[in-house]
Amino acid sequence: MDAGTVAPLSVKQLIEDAADALGLTLQYEVWPGGRSDTGAIQLTREGILAAGISYPVHTAGAAEALVDLADVEATLRLLVAAVQTFGQ
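Within every chain, residues take consecutive numbers counted from 1 along the sequence as written. Where local features are concerned, this predicted model is filtered to residues with pLDDT of at least 70; where side-chain atom pairs are given and counted, the filter is 80 or more; whole-chain, interface and lining totals use all residues. Note that the side-chain values use all heavy atoms of the structure and ignore hydrogens as well as water.

A. Molecular detail of the overall build of the protein chain. Segments assigned H or I by DSSP are reported as helices when at least four residues long, segments assigned E as strands when at least two residues long, and all are numbered from the N terminus. What the protein chain contains, in helices and strands, is three helices and zero strands. Expressed as lengths along the three principal axes of its C-alpha atoms, the size of the protein chain is roughly 40 × 30 × 15 Å. When a residue's accessible area, from a 1.4 Å probe over protein chains only, is under 20% of the maximum for its type it is buried; when over 50% it is exposed; and in between it is partly exposed. Looking at the protein chain as a whole, 22% of its 88 residues are labelled buried. Within the protein chain, counting contacts between residues at least 6 apart in sequence, those at least 24 apart form 65% of the total. A total accessible area of about 6,700 Å² is found for the protein chain, and carbon and sulfur atoms account for 58% of it. Each charge class in the protein chain can be summarised by its mean position, and for the 4 positive and 11 negative side chains these summaries are 8 Å apart. Residues count as neighbours in contact if any of their non-hydrogen atoms are within 4.5 Å of one another. Using a 1.4 Å probe, accessible areas were evaluated by the Shrake-Rupley method; residue-level cover was limited to the displayed protein chains. Charge assignment: positive for Lys and Arg, negative for Asp and Glu; neither His nor the chain ends contribute. All charge positions are set by atom: Lys at NZ, Arg at CZ, Asp at CG, Glu at CD.

B. Focus on the layout of surface pockets. Counted as a void, the largest pocket has a volume near 1,100 Å³. Around the largest pocket, the lining comprises 29 residues; the ones closest to its centre are Gln27, Glu29, Gly52, Ile53 and Ser54. Looking at the lining of the largest pocket, the elements that each hand over two or more residues are helix H1 (9–22) and helix H3 (69–85). Here the lining of the largest pocket gets four residues from one element, more than from any other, and that element is H3. For cavity detection a 1 Å grid was placed over the protein atoms alone, and a set of points counts as a cavity when a 1.4 Å probe fits there but cannot get out; an open set counts as a pocket when protein lies on both sides within 12 Å along at least five of seven lines, with lining residues being those that have an atom within 4 Å of a point. Grid points are joined across faces, edges and corners, and a volume is the space filled by probe spheres set on the points. In this structure, the second largest pocket encloses a volume near 360 Å³. Contributing to the lining of the second largest pocket are 15 residues, with Val11, Leu14, Ala51, Leu79 and Val83 lying nearest its centre. Contributing elements (two or more residues each) for the lining of the second largest pocket: H1 and H3. In terms of residue count, H3 provides more of the lining of the second largest pocket than any other element does, five residues in total. Polar here means any residue outside two lists: the nonpolar Ala, Val, Leu, Ile, Met, Phe, Trp, Tyr, Cys and Pro, and the charged Asp, Glu, Lys and Arg; Gly therefore counts as polar. A class-by-class count of the residues in the lining of the second largest pocket yields 12 nonpolar, three polar and no charged.

Here is the structure:
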């Protein structure tokens, strides 16, 4: 959730199910002061099911940021698994 997005429960459940299947632990992010592009995507035409998925970043928004590549890989695996199960 951010200032422009609230993930639909069906999308949240899809992501949770994909994470469970992969043995991944999710951390929920509430960012009421920030915005992502997800809110604009949700409002396109009649509405699009959307949710933001991110990975932890140290010093986000700075000229240099640190990430753990294992977090990036896990996020990609989660995204692929969620997309593959969408509509099933």
